[in-house]
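What follows is the residue order along each chain.
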Amino acid sequence: TSDGEALVIFVLGGPGSGKGTQCANLVRDYGFKHLSAGDLLREEQDREGSEFGEMIKTYIKEGEIVPMEVTIQLLENAMNSTIEENGNRKFLIDGFPRKMDQALAFEEKVVPSKFTLFFDCPEDAMRERLLNRGKTSGRADDNEESIKKRFRTFVETSMPVVEKFEKESKVVRVDATKGPEEVYQDVRKQFSREGL
Ligand code: UP5
Ligand code: MG
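Residues numbered from 1 in each chain as written. Chains lettered and ligands numbered in written order. Predicted model: local features only at pLDDT ≥ 70, side-chain atom pairs only at ≥ 80, totals over all residues.

1. Considerations on the pairing of strand β4 (residues 115-120)
On a regular strand, each side chain points to the face opposite its neighbour's, so the side chains alternate between the two faces of the sheet. Convention followed: When DSSP finds two or more bridges between two strands, those strands count as paired. Counting from the N terminus, the helices are the DSSP runs of H or I reaching at least four residues and the strands are the DSSP runs of E reaching at least two.
Pairing of strand β1 (residues 7-13) with β4, which is carried by 5 bridges, proceeds in the parallel orientation. Note on β4: the bridge partner recorded for Gly13 is Phe119. In the sheet, β4 pairs with strand β5 (residues 171-175) via 5 bridges, with the strands oriented parallel. When the sheet's bridge partners are listed, Phe119 is paired in β5 with Val174.

So, in structure tokens, the structure goes:
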């Protein structure tokens with residue numbers, strides 16, 4: 001595919017750790033294209049005529065990981081159209097890969113990541129942020145019950161992916177407990193260490 005020479009940074013961290021918030025800062029200052037796997041899945045869920053709409057809806061509500069074929073295809077399509085539209089090949093892939101099979105398939109069939117930016121945040125803080133956002137977000141998974149399931153999936157299914165990348169020395173860890181501005185200062189420091 002034409003995305004073979006893309007620069008890909010995975011952005012991981014628990015639900016509500018601030019991935020989307022920090023990606024917006026990085027887009028503004030570093031010229032990345034931000035692709036949130038969750039946003040792409042929600043768009044596909046709402047797309048008229050999508051054969052996956054109902055399935056995606058159920059997985060998201062239950063905090064489970066949608067089968068990787070669907071998500072990888074959405075990501076590849078989005079990468080290819082970005083490259084075609086404006087030649088930008090620098091991608092922040094947010095909220096992906098969150099299961100081992102996705103990680104292996106993407107790095108083998110699409111492109112290996114440069115590193116994973118990981119936001120470290122305790123559950124109490126994440127829960128508070130999500131419940132707060134839930135007052136206005138309209139997201140079907142910003143409620144106590146779904147949040148609990150999302151946390152469990154994160155620990156059981158997604159953390160092993162982070163640990164695998166850690167063994168490959170491909171994780172850049174940022175403490176995400178402080179305010180958004182302070183967290184972003186740390187992100188910038190880490191990016192500069194990585195030569196970005
Ligand atoms: N906020 C942000 N930073 C803050 C800070 N430092 N201090 C205080 N408040 C802060 O932030 C969340 C909220 O906290 C916001 O209100 C923000 O203002 C505030 P946000 O930046 O949105 O956090 P983020 O980590 O992006 O949280 P999000 O809820 O998007 O994370 P999830 O990982 O749960 O959601 P995602 O959209 O990635 O996935 C949703 C679902 O899609 C998954 O559960 C899964 O079912 C499915 N999915 C797949 O199946 N496969 C995939 O590959 C990806 C997703
Ligand atoms: Mg997000």
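2. Overview of the packing of helix α4 (residues 68-86) against helix α5 (residues 100-109)
For any two helices packed against each other, one specifies the crossing angle of their axes together with the interaxial distance. Going by this rule: Under this scheme, a helix contributes an axis fitted over its contacting stretch, all axes are lines through C-alpha atoms, and angles between N-to-C directions fall in the 0 to 180 degree range. Should an angle lie under 35 degrees it is considered roughly parallel, over 145 roughly antiparallel, and from 65 to 115 roughly perpendicular; all remaining angles are considered oblique. Note on convention: near helix rotated counterclockwise from far helix by under a right angle means a left-handed crossing. Clockwise means right-handed. Placing C-beta atoms from the backbone, we regard two residues as in contact once those atoms come within 7 Å. In this classification, Asp, Glu, Lys and Arg are treated as charged, Ala, Val, Leu, Ile, Met, Phe, Trp, Tyr, Cys and Pro as nonpolar, and every other residue, Gly included, as polar.
Packing of α4 against α5 brings their axes to within 10 Å, and their N-to-C directions diverge by 40°. Comparing their axes, α5 and α4 come out oblique. Read as a crossing pair, α4 and α5 show a hand that is right-handed. Contact with α4, carried on its side by Met68, Thr71 and Ile72, involves Asp101, Gln102, Ala105 and Phe106 of α5 and no other residues of that element. Within the contact of α4 with α5, the residues separate by chemical class into 4 nonpolar, 2 polar and 1 charged.

3. Details of the nonpolar core
This is how it is decided: As used throughout, a nonpolar core is a set of buried Ala, Val, Leu, Ile, Met, Phe, Trp, Tyr and Cys residues joined through C-beta atoms within 7 Å of each other. Think of it as a crowd count around each C-beta: if 20 or more other C-beta atoms lie within 10 Å the residue is buried, if 12 or fewer it is exposed, and in between it is partly exposed, with C-beta placed from the backbone throughout.
Grouped together as the largest cluster of nonpolar side chains are 41 residues, with contacts concentrated most on Val11, Leu35, Leu75, Phe91, Leu92 and Ile93. Not counting residues up to four positions away in its chain, the partners in contact with Leu35 are Leu40, Leu75, Ala78, Met79, Phe91, Leu92, Ile93 and Asp94.

4. Digging into the site of ligand 1
Applied cut-off: Being near a molecule or strand means, for a residue, that its backbone-placed C-beta atom lies within 6 Å of it.
Neighbouring ligand 1 are 30 residues, the closest being Pro15, Gly18, Thr21, Gly38 and Gly95. Counting residues per element, the ones that place at least two in the shell around ligand 1 are α1 (19-30), α2 (37-46), α3 (53-61), α6 (123-137) and α8 (180-193). Residue classes in the shell around ligand 1 are distributed as 11 nonpolar, 12 polar and 7 charged.

5. Quick word on helix α7 (residues 144-167)
So the rule is basically this: What a helix should span is 1.5 Å times the count of its residues minus one. Two axes enter the definition of the bend at a residue: one is fitted to the seven residues ending there, the other to the seven starting there, and the bend is the angle between them.
Here α7 spans 33 Å end to end across 24 residues, near enough to the 34 Å set by a 1.5 Å rise per residue. The sharpest bend along α7 measures roughly 40° and falls at Ser158, with the proline Pro160 sitting one to four residues further on. Residues of α7 that are buried include every one of Ile147, Arg150, Thr153, Phe154, Ser158, Val161, Val162 and Phe165, and no others. Contacts from the buried residues of α7 go to β1, α5, β4, α6 and β5. Ser169 lies just past α7 and shows a positive phi near 55°.

6. Section: the sheet that holds strand β2 (residues 33-36)
The strand order β2-β3-β1-β4-β5 describes an open sheet built from 5 strands, whose pairing is parallel. Strands at the two margins of the open sheet, each flanked by one partner only, are β2 and β5. Each neighbouring strand pair of the sheet contributes to a mean axis angle of 20°, computed without reference to strand direction. With 5 bridges joining them, β1 and strand β3 (residues 90-94) adopt parallel strand pairing.

7. So, unusual backbone geometry
In this structure, Pro97 follows Phe96 across a cis peptide bond, with omega equal to -5°. Despite not being glycine, Ser169 shows a phi value in the positive range, around 55°. When you line up the elements, Ser169 lands in the loop between α7 and β5. By the C-beta count within 10 Å, which is 8 here, Ser169 ends up exposed.

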